[in-house]
Amino acid sequence: MRTTSVKAYGTPAAEAPLNMLDIRRRTTTPHDVEIDILYCGVCHSDLHTARNEWHFTVYPCVPGHEIVGRIVRVGDHVTKFKVGDVVGVGCLVDSCRECQYCREGLEQFCEPGPTQTYNSPDKYLDTPTFGGYSESVVVDENYVLRIPENLDLAATAPLLCAGITTYSPLRHWNIGPGKKVGIVGIGGLGHMGIKIAKAMGAHVVAFTTSASKFAEAQRLGADEVVLSKDEEQMAAYRGKLHFILDAVSAEHDINAYLNLLRVDGSLALVGAPEHPLPVAAFSVIMGRKSFSGSMIGGIAETQEMLDFCGAHNITADIEMINIQQINEAYERLLKGDVKYRFVIDMNSLKNAS
Ligand code: NAP
Ligand code: ZN
Ligand code: ZN
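What counts and what doesn't
- Residues numbered from 1 in each chain as written.
- Chains lettered and ligands numbered in written order.
- Predicted model: local features only at pLDDT ≥ 70, side-chain atom pairs only at ≥ 80, totals over all residues.
- Heavy atoms only, no water.
- Donors = N, O, S within 2.8 Å, 3.2 Å for Na, K, Ca; no water.
- Helix = DSSP H or I, 4+ residues; strand = E, 2+ residues; numbered from the N terminus.
- Buried < 20%, exposed > 50% of the residue type's maximum accessible area, 1.4 Å probe, protein only.
- 1 Å grid on protein atoms, 1.4 Å probe; cavity = no way out; pocket = protein on both sides within 12 Å on 5 of 7 lines; lining within 4 Å.
- Points joined across faces, edges and corners; volume = space filled by probe spheres on them.
- Nonpolar A, V, L, I, M, F, W, Y, C, P; charged D, E, K, R; others polar.
- Near = heavy atom within 4 Å.
- Polar contact = N/O pair within 3.5 Å; in protein donor to acceptor, adjacent residues only side chain to side chain.
- Areas by Shrake-Rupley, 256 points an atom, 1.4 Å probe, with all protein chains shown as cover.
- Domains from an automatic or database assignment.

1. Side note on the coordination of the zinc ion (ligand 2)
When a metal holds four donors in a tetrahedron, each ideal angle between them is 109.5 degrees; when it holds six in an octahedron, the ideal angles are 90 or 180 degrees.
Right, so step 1: In the first shell of the zinc ion (ligand 2), the protein supplies C43 (SG), H65 (NE2) and C161 (SG), at 2.0 to 2.3 Å from the metal.
Right, so step 2: In primary-sequence terms, the residues that donate to the zinc ion (ligand 2) follow C-x21-H-x95-C. Taken together, the residues C43 in the loop between β3 (32–41) and α1 (44–50) and C161 in the loop between α3 (153–156) and α4 (162–172) connect sequence positions 118 residues apart.
Right, so step 3: Among the residues examined, C43 registers a relative accessible area of 3% and is labelled buried.

2. A word on the layout of surface pockets
Right, so step 1: Within this model, the second largest pocket holds a volume of roughly 200 Å³.
Right, so step 2: Taken together, K80, F81, E107, E141, N142, Y143, V144, L145, R146, I299, A300 and Q303 make up the lining of the second largest pocket.
Right, so step 3: Among the secondary structure elements, those contributing two or more residues to the lining of the second largest pocket are β9 (145–146) and α10 (299–312).
Right, so step 4: Among the elements that line the lining of the second largest pocket, the one with the most residues is α10, at 3 residues.
Right, so step 5: Taken together, the residues of the lining of the second largest pocket sort by class into 6 nonpolar, 2 polar and 4 charged.

3. Here's the deal with the site of ligand 1
Right, so step 1: Every one of the 29 residues lining ligand 1 counts as a neighbour, but H44, T208, T209, S210 and R341 are closest to it.
Right, so step 2: Within the side chain of H48, a nitrogen or oxygen atom sits 2.8 Å from an oxygen atom of ligand 1.
Right, so step 3: One nitrogen or oxygen atom from the main chain of S294 is found 2.9 Å from a nitrogen atom belonging to ligand 1.
Right, so step 4: Here ligand 1 loses 88% of its free accessible area of 930 Å² to cover by the protein chains.
Right, so step 5: Mapped onto the shell around ligand 1, the elements with two or more residues apiece are α1 and α5 (188–199).
Right, so step 6: Broken down by element, the shell around ligand 1 gets its largest block of residues, 3 residues, from α1.
Right, so step 7: Across the shell around ligand 1, the residue classes tally to 13 nonpolar, 13 polar and 3 charged.
Right, so step 8: Mapped onto the domain boundaries, the shell around ligand 1 takes at least three residues apiece from domain 1 (3–161 + 316–350) and domain 2 (163–293).

So, in C-alpha coordinates, the structure goes:
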(Lines give C-alpha, C1' and ligand atoms only; values in the text may rest on other atoms or scores of the structure.)
(Ligands and ions follow the chains in the order given, each with its own letter.)
Protein backbone atom coordinates (compact mmCIF):
# COMPACT_ATOMS: atom_id res chain seq x y z
CA MET A 1 0.00 0.00 0.00
CA ARG A 2 1.41 3.40 -0.98
CA THR A 3 1.42 6.04 1.73
CA THR A 4 2.33 9.67 2.18
CA SER A 5 3.66 11.51 5.21
CA VAL A 6 1.33 13.98 6.89
CA LYS A 7 1.87 16.38 9.82
CA ALA A 8 -0.23 15.66 12.89
CA TYR A 9 -0.51 16.38 16.61
CA GLY A 10 -0.62 13.43 18.95
CA THR A 11 0.85 11.74 21.96
CA PRO A 12 3.22 8.78 22.44
CA ALA A 13 1.95 7.90 25.95
CA ALA A 14 -0.86 8.57 28.46
CA GLU A 15 1.27 10.89 30.58
CA ALA A 16 2.87 12.80 27.69
CA PRO A 17 1.58 16.08 26.25
CA LEU A 18 0.47 16.23 22.63
CA ASN A 19 3.21 17.24 20.21
CA MET A 20 3.82 17.48 16.50
CA LEU A 21 4.57 14.16 14.81
CA ASP A 22 4.54 12.64 11.34
CA ILE A 23 1.98 9.99 10.44
CA ARG A 24 1.36 7.96 7.27
CA ARG A 25 -1.89 8.20 5.30
CA ARG A 26 -2.73 5.75 2.51
CA THR A 27 -2.95 7.23 -0.97
CA THR A 28 -6.54 7.18 -2.22
CA THR A 29 -7.94 3.79 -3.24
CA PRO A 30 -10.76 3.81 -5.88
CA HIS A 31 -13.52 4.55 -3.34
CA ASP A 32 -11.58 7.03 -1.20
CA VAL A 33 -11.53 10.79 -1.00
CA GLU A 34 -8.59 12.78 0.36
CA ILE A 35 -9.66 15.67 2.57
CA ASP A 36 -7.58 18.73 3.41
CA ILE A 37 -8.65 19.38 7.02
CA LEU A 38 -9.78 22.94 7.74
CA TYR A 39 -11.20 22.59 11.26
CA CYS A 40 -11.35 19.93 13.94
CA GLY A 41 -13.44 20.10 17.12
CA VAL A 42 -12.02 19.01 20.48
CA CYS A 43 -14.24 16.40 22.13
CA HIS A 44 -13.79 15.27 25.74
CA SER A 45 -13.41 11.74 24.28
CA ASP A 46 -10.16 12.97 22.69
CA LEU A 47 -8.86 13.74 26.16
CA HIS A 48 -10.15 10.47 27.71
CA THR A 49 -8.42 8.57 24.88
CA ALA A 50 -5.13 10.53 24.78
CA ARG A 51 -4.76 9.90 28.53
CA ASN A 52 -5.88 6.26 28.32
CA GLU A 53 -8.75 6.83 30.77
CA TRP A 54 -10.78 4.07 29.08
CA HIS A 55 -7.80 1.71 29.13
CA PHE A 56 -7.75 0.76 25.43
CA THR A 57 -5.60 3.45 23.81
CA VAL A 58 -2.94 2.33 21.34
CA TYR A 59 -0.01 4.77 20.96
CA PRO A 60 0.91 6.93 19.23
CA CYS A 61 -2.56 8.46 19.48
CA VAL A 62 -3.76 11.26 17.19
CA PRO A 63 -7.26 12.30 18.36
CA GLY A 64 -9.94 14.29 16.55
CA HIS A 65 -13.31 13.16 15.20
CA GLU A 66 -15.12 16.40 14.44
CA ILE A 67 -13.56 17.08 11.04
CA VAL A 68 -14.54 19.61 8.39
CA GLY A 69 -12.40 19.92 5.27
CA ARG A 70 -12.21 20.23 1.52
CA ILE A 71 -11.79 17.35 -0.90
CA VAL A 72 -8.52 17.59 -2.82
CA ARG A 73 -8.45 14.18 -4.54
CA VAL A 74 -11.00 11.49 -5.38
CA GLY A 75 -10.50 7.83 -6.29
CA ASP A 76 -11.54 6.57 -9.75
CA HIS A 77 -14.83 5.04 -8.55
CA VAL A 78 -16.00 7.85 -6.29
CA THR A 79 -19.51 8.97 -7.28
CA LYS A 80 -20.84 10.97 -4.33
CA PHE A 81 -18.23 13.74 -4.15
CA LYS A 82 -15.90 15.78 -6.33
CA VAL A 83 -12.73 17.77 -5.80
CA GLY A 84 -13.53 21.06 -4.06
CA ASP A 85 -16.52 19.80 -2.05
CA VAL A 86 -16.61 20.83 1.62
CA VAL A 87 -17.37 17.76 3.70
CA GLY A 88 -17.41 16.34 7.21
CA VAL A 89 -16.03 13.24 8.88
CA GLY A 90 -17.27 12.18 12.30
CA CYS A 91 -16.40 9.30 14.62
CA LEU A 92 -16.61 6.49 12.02
CA VAL A 93 -14.46 5.96 8.92
CA ASP A 94 -15.49 2.39 8.09
CA SER A 95 -17.39 -0.70 9.29
CA CYS A 96 -17.99 -4.27 8.02
CA ARG A 97 -21.01 -3.15 5.88
CA GLU A 98 -22.53 -6.66 6.11
CA CYS A 99 -23.70 -7.32 9.66
CA GLN A 100 -27.31 -6.75 10.73
CA TYR A 101 -26.47 -3.38 12.32
CA CYS A 102 -24.52 -2.05 9.35
CA ARG A 103 -27.47 -3.02 7.14
CA GLU A 104 -29.83 -1.12 9.47
CA GLY A 105 -27.68 2.02 9.36
CA LEU A 106 -26.38 1.46 12.89
CA GLU A 107 -22.72 1.27 11.85
CA GLN A 108 -21.68 2.52 15.29
CA PHE A 109 -22.74 -0.90 16.63
CA CYS A 110 -21.14 -2.95 13.80
CA GLU A 111 -20.71 -6.49 15.14
CA PRO A 112 -17.04 -7.05 14.28
CA GLY A 113 -16.56 -3.44 15.43
CA PRO A 114 -16.65 -0.21 13.45
CA THR A 115 -13.43 1.49 12.38
CA GLN A 116 -13.41 4.61 14.49
CA THR A 117 -11.70 7.72 13.18
CA TYR A 118 -8.88 7.30 15.68
CA ASN A 119 -7.56 4.52 17.90
CA SER A 120 -9.08 1.66 15.85
CA PRO A 121 -7.10 -0.95 13.91
CA ASP A 122 -6.52 0.57 10.44
CA LYS A 123 -7.90 -1.71 7.67
CA TYR A 124 -5.04 -0.80 5.34
CA LEU A 125 -2.01 0.08 7.46
CA ASP A 126 -0.17 -1.53 10.32
CA THR A 127 -1.03 1.32 12.71
CA PRO A 128 -4.08 2.53 14.62
CA THR A 129 -6.30 4.96 12.74
CA PHE A 130 -5.25 8.57 13.22
CA GLY A 131 -7.79 11.36 13.72
CA GLY A 132 -8.40 14.92 12.70
CA TYR A 133 -5.59 16.71 14.55
CA SER A 134 -3.74 16.44 11.24
CA GLU A 135 -3.33 18.12 7.87
CA SER A 136 -5.39 15.66 5.86
CA VAL A 137 -7.27 12.38 6.01
CA VAL A 138 -8.24 9.69 3.48
CA VAL A 139 -11.72 8.22 3.94
CA ASP A 140 -14.04 5.91 1.99
CA GLU A 141 -16.73 8.08 0.39
CA ASN A 142 -19.49 6.12 2.12
CA TYR A 143 -18.37 7.48 5.51
CA VAL A 144 -18.13 11.12 4.41
CA LEU A 145 -20.90 13.65 5.12
CA ARG A 146 -22.24 16.64 3.17
CA ILE A 147 -22.22 20.00 5.00
CA PRO A 148 -25.27 22.28 4.55
CA GLU A 149 -24.20 25.39 2.64
CA ASN A 150 -25.68 27.94 5.04
CA LEU A 151 -23.66 26.87 8.10
CA ASP A 152 -20.39 28.41 9.33
CA LEU A 153 -17.72 25.75 8.73
CA ALA A 154 -15.73 26.04 11.97
CA ALA A 155 -18.89 26.04 14.09
CA THR A 156 -20.23 23.04 12.15
CA ALA A 157 -17.27 20.78 13.03
CA PRO A 158 -18.62 19.93 16.53
CA LEU A 159 -21.86 18.65 14.99
CA LEU A 160 -19.90 15.64 13.70
CA CYS A 161 -19.68 14.18 17.23
CA ALA A 162 -21.43 16.43 19.79
CA GLY A 163 -24.32 17.02 17.37
CA ILE A 164 -25.02 13.42 16.42
CA THR A 165 -24.41 12.07 19.94
CA THR A 166 -27.23 14.24 21.26
CA TYR A 167 -29.50 14.15 18.17
CA SER A 168 -29.58 10.34 17.97
CA PRO A 169 -30.96 9.61 21.48
CA LEU A 170 -33.36 12.56 21.27
CA ARG A 171 -34.78 11.02 18.07
CA HIS A 172 -34.72 7.47 19.44
CA TRP A 173 -36.75 8.48 22.51
CA ASN A 174 -39.21 10.46 20.29
CA ILE A 175 -38.53 13.85 21.77
CA GLY A 176 -40.81 16.58 20.48
CA PRO A 177 -43.69 18.86 21.50
CA GLY A 178 -45.27 17.92 24.83
CA LYS A 179 -42.08 16.34 26.19
CA LYS A 180 -40.14 17.78 29.14
CA VAL A 181 -36.47 16.99 28.62
CA GLY A 182 -33.55 17.44 31.00
CA ILE A 183 -30.05 18.02 29.63
CA VAL A 184 -27.34 17.41 32.23
CA GLY A 185 -23.80 18.86 31.87
CA ILE A 186 -23.64 21.92 29.65
CA GLY A 187 -20.37 21.27 27.84
CA GLY A 188 -19.76 20.46 24.18
CA LEU A 189 -22.42 17.75 24.04
CA GLY A 190 -24.86 19.34 26.49
CA HIS A 191 -25.03 22.72 24.76
CA MET A 192 -25.81 20.94 21.47
CA GLY A 193 -28.42 18.86 23.31
CA ILE A 194 -30.19 22.02 24.45
CA LYS A 195 -30.24 23.51 20.94
CA ILE A 196 -31.39 20.32 19.23
CA ALA A 197 -34.05 19.34 21.80
CA LYS A 198 -35.46 22.87 21.61
CA ALA A 199 -35.54 22.75 17.80
CA MET A 200 -37.39 19.42 18.05
CA GLY A 201 -40.10 21.26 20.00
CA ALA A 202 -39.45 19.95 23.52
CA HIS A 203 -39.60 21.88 26.78
CA VAL A 204 -35.94 21.91 27.83
CA VAL A 205 -34.56 22.02 31.36
CA ALA A 206 -30.78 22.44 31.62
CA PHE A 207 -28.88 21.13 34.65
CA THR A 208 -25.47 22.64 35.35
CA THR A 209 -22.92 22.68 38.17
CA SER A 210 -21.55 26.01 36.87
CA ALA A 211 -23.18 29.19 38.09
CA SER A 212 -21.55 31.01 35.16
CA LYS A 213 -23.59 28.97 32.66
CA PHE A 214 -26.90 29.66 34.40
CA ALA A 215 -28.00 32.67 32.34
CA GLU A 216 -26.35 31.43 29.17
CA ALA A 217 -28.23 28.16 29.11
CA GLN A 218 -31.36 30.19 28.44
CA ARG A 219 -29.68 31.97 25.55
CA LEU A 220 -28.82 28.52 24.15
CA GLY A 221 -32.53 27.67 24.22
CA ALA A 222 -33.29 26.18 27.63
CA ASP A 223 -36.74 27.03 28.98
CA GLU A 224 -35.54 26.52 32.56
CA VAL A 225 -32.13 26.15 34.19
CA VAL A 226 -31.30 24.33 37.43
CA LEU A 227 -28.13 24.66 39.47
CA SER A 228 -27.71 20.96 40.20
CA LYS A 229 -25.73 21.47 43.43
CA ASP A 230 -28.77 23.19 44.97
CA GLU A 231 -30.97 20.48 46.52
CA GLU A 232 -33.99 22.74 46.78
CA GLN A 233 -33.88 23.57 43.07
CA MET A 234 -33.48 19.86 42.24
CA ALA A 235 -36.42 18.85 44.49
CA ALA A 236 -38.76 21.08 42.50
CA TYR A 237 -38.30 18.78 39.47
CA ARG A 238 -38.96 15.43 41.19
CA GLY A 239 -41.08 13.22 38.93
CA LYS A 240 -41.45 15.96 36.31
CA LEU A 241 -39.28 14.93 33.31
CA HIS A 242 -40.09 12.50 30.47
CA PHE A 243 -36.47 12.09 29.43
CA ILE A 244 -33.00 13.05 30.62
CA LEU A 245 -29.85 13.16 28.50
CA ASP A 246 -26.79 12.94 30.74
CA ALA A 247 -23.64 14.32 29.07
CA VAL A 248 -21.38 14.61 32.12
CA SER A 249 -17.75 13.59 31.64
CA ALA A 250 -16.93 12.79 35.28
CA GLU A 251 -18.36 10.85 38.23
CA HIS A 252 -21.61 12.26 39.62
CA ASP A 253 -24.75 11.05 41.41
CA ILE A 254 -26.98 9.48 38.76
CA ASN A 255 -29.72 8.70 41.31
CA ALA A 256 -30.33 12.42 41.85
CA TYR A 257 -31.40 12.57 38.18
CA LEU A 258 -33.34 9.28 38.03
CA ASN A 259 -35.50 10.78 40.80
CA LEU A 260 -36.52 13.59 38.45
CA LEU A 261 -38.11 11.23 35.89
CA ARG A 262 -41.86 10.67 35.58
CA VAL A 263 -43.27 7.13 35.63
CA ASP A 264 -41.90 5.25 32.59
CA GLY A 265 -39.31 7.99 32.01
CA SER A 266 -35.85 7.23 30.63
CA LEU A 267 -32.41 8.55 31.38
CA ALA A 268 -29.89 8.02 28.58
CA LEU A 269 -26.23 8.31 29.40
CA VAL A 270 -23.97 9.67 26.70
CA GLY A 271 -21.23 10.91 29.01
CA ALA A 272 -18.55 8.27 29.53
CA PRO A 273 -16.73 8.83 32.85
CA GLU A 274 -13.74 6.65 33.63
CA HIS A 275 -15.30 5.00 36.72
CA PRO A 276 -18.69 3.23 37.21
CA LEU A 277 -21.76 5.16 38.36
CA PRO A 278 -23.71 3.34 41.13
CA VAL A 279 -27.48 3.08 40.50
CA ALA A 280 -29.74 2.46 43.51
CA ALA A 281 -32.38 -0.22 42.82
CA PHE A 282 -35.16 2.02 44.12
CA SER A 283 -34.18 4.77 41.68
CA VAL A 284 -35.52 2.64 38.82
CA ILE A 285 -38.01 0.30 40.58
CA MET A 286 -40.10 3.23 41.75
CA GLY A 287 -41.77 4.53 38.62
CA ARG A 288 -40.68 1.74 36.21
CA LYS A 289 -37.86 3.91 34.98
CA SER A 290 -35.21 3.09 32.37
CA PHE A 291 -31.51 3.77 32.69
CA SER A 292 -29.86 3.46 29.30
CA GLY A 293 -27.15 4.78 27.04
CA SER A 294 -26.41 5.82 23.48
CA MET A 295 -23.32 6.06 21.32
CA ILE A 296 -22.85 8.59 18.49
CA GLY A 297 -25.06 7.63 15.47
CA GLY A 298 -24.93 5.89 12.10
CA ILE A 299 -23.85 7.55 8.87
CA ALA A 300 -27.35 8.15 7.45
CA GLU A 301 -28.53 9.55 10.77
CA THR A 302 -25.48 11.82 10.97
CA GLN A 303 -26.43 13.23 7.54
CA GLU A 304 -30.02 13.61 8.76
CA MET A 305 -28.72 15.54 11.81
CA LEU A 306 -26.59 17.84 9.62
CA ASP A 307 -29.57 18.55 7.34
CA PHE A 308 -31.76 19.19 10.43
CA CYS A 309 -29.15 21.63 11.77
CA GLY A 310 -28.96 23.29 8.34
CA ALA A 311 -32.74 23.71 8.26
CA HIS A 312 -32.81 25.13 11.81
CA ASN A 313 -29.59 27.14 11.49
CA ILE A 314 -27.96 25.30 14.37
CA THR A 315 -24.19 25.22 14.94
CA ALA A 316 -21.99 25.01 18.03
CA ASP A 317 -20.82 27.96 20.12
CA ILE A 318 -17.08 27.72 19.67
CA GLU A 319 -13.73 29.07 20.82
CA MET A 320 -11.15 28.80 18.04
CA ILE A 321 -7.63 27.72 19.00
CA ASN A 322 -4.35 26.95 17.28
CA ILE A 323 -3.08 23.38 17.49
CA GLN A 324 -0.19 24.60 19.65
CA GLN A 325 -2.75 25.43 22.39
CA ILE A 326 -4.19 21.91 22.56
CA ASN A 327 -2.59 20.86 25.87
CA GLU A 328 -3.81 24.03 27.56
CA ALA A 329 -7.25 23.46 26.01
CA TYR A 330 -7.39 19.97 27.58
CA GLU A 331 -6.66 21.47 31.02
CA ARG A 332 -9.45 24.02 30.52
CA LEU A 333 -11.82 21.26 29.34
CA LEU A 334 -11.20 19.43 32.61
CA LYS A 335 -12.26 22.55 34.51
CA GLY A 336 -15.43 22.98 32.41
CA ASP A 337 -13.86 26.23 31.19
CA VAL A 338 -14.99 26.34 27.55
CA LYS A 339 -18.07 27.91 26.01
CA TYR A 340 -18.80 25.49 24.59
CA ARG A 341 -16.44 23.73 22.19
CA PHE A 342 -12.82 24.30 21.24
CA VAL A 343 -12.27 24.08 17.49
CA ILE A 344 -8.76 23.88 16.07
CA ASP A 345 -7.93 26.05 13.06
CA MET A 346 -5.84 23.55 11.11
CA ASN A 347 -3.91 26.28 9.30
CA SER A 348 -1.93 26.51 12.54
CA LEU A 349 -0.60 23.00 11.91
CA LYS A 350 -0.01 23.45 8.19
CA ASN A 351 2.04 26.59 8.86
CA ALA A 352 4.04 25.01 11.71
CA SER A 353 7.54 23.70 11.18
P1 NAP B 1 -17.23 18.63 28.09
O2 NAP B 1 -17.35 19.68 27.06
O3 NAP B 1 -16.04 18.60 28.97
O4 NAP B 1 -18.56 18.75 29.00
C5 NAP B 1 -18.76 17.97 30.13
C6 NAP B 1 -19.64 18.76 31.12
O7 NAP B 1 -19.92 17.91 32.22
C8 NAP B 1 -18.97 19.97 31.72
O9 NAP B 1 -19.06 21.12 30.94
C10 NAP B 1 -19.74 20.14 33.01
O11 NAP B 1 -20.98 20.79 32.76
C12 NAP B 1 -20.07 18.70 33.41
N13 NAP B 1 -19.13 18.20 34.41
C14 NAP B 1 -17.79 18.04 34.30
N15 NAP B 1 -17.26 17.54 35.42
C16 NAP B 1 -18.28 17.35 36.26
C17 NAP B 1 -18.40 16.83 37.59
N18 NAP B 1 -17.31 16.40 38.27
N19 NAP B 1 -19.62 16.77 38.15
C20 NAP B 1 -20.71 17.20 37.48
N21 NAP B 1 -20.65 17.72 36.23
C22 NAP B 1 -19.47 17.79 35.64
O23 NAP B 1 -17.32 17.18 27.46
P24 NAP B 1 -18.08 16.69 26.13
O25 NAP B 1 -17.13 16.73 24.99
O26 NAP B 1 -19.39 17.34 26.05
O27 NAP B 1 -18.27 15.15 26.48
C28 NAP B 1 -19.05 14.74 27.59
C29 NAP B 1 -18.88 13.26 27.84
O30 NAP B 1 -19.50 12.55 26.77
C31 NAP B 1 -17.43 12.77 27.86
O32 NAP B 1 -17.30 11.75 28.84
C33 NAP B 1 -17.23 12.18 26.47
O34 NAP B 1 -16.23 11.20 26.40
C35 NAP B 1 -18.59 11.58 26.24
N36 NAP B 1 -18.93 11.36 24.83
C37 NAP B 1 -19.71 10.28 24.56
C38 NAP B 1 -20.13 10.03 23.28
C39 NAP B 1 -21.06 8.88 23.00
O40 NAP B 1 -21.15 8.46 21.84
N41 NAP B 1 -21.76 8.38 23.98
C42 NAP B 1 -19.73 10.88 22.25
C43 NAP B 1 -18.95 11.99 22.57
C44 NAP B 1 -18.57 12.23 23.86
P45 NAP B 1 -21.60 21.89 33.78
O46 NAP B 1 -20.53 22.93 33.92
O47 NAP B 1 -22.81 22.38 33.08
O48 NAP B 1 -21.92 21.18 35.04
ZN1 ZN C 1 -16.56 12.91 20.42
ZN1 ZN D 1 -21.03 -4.28 10.52
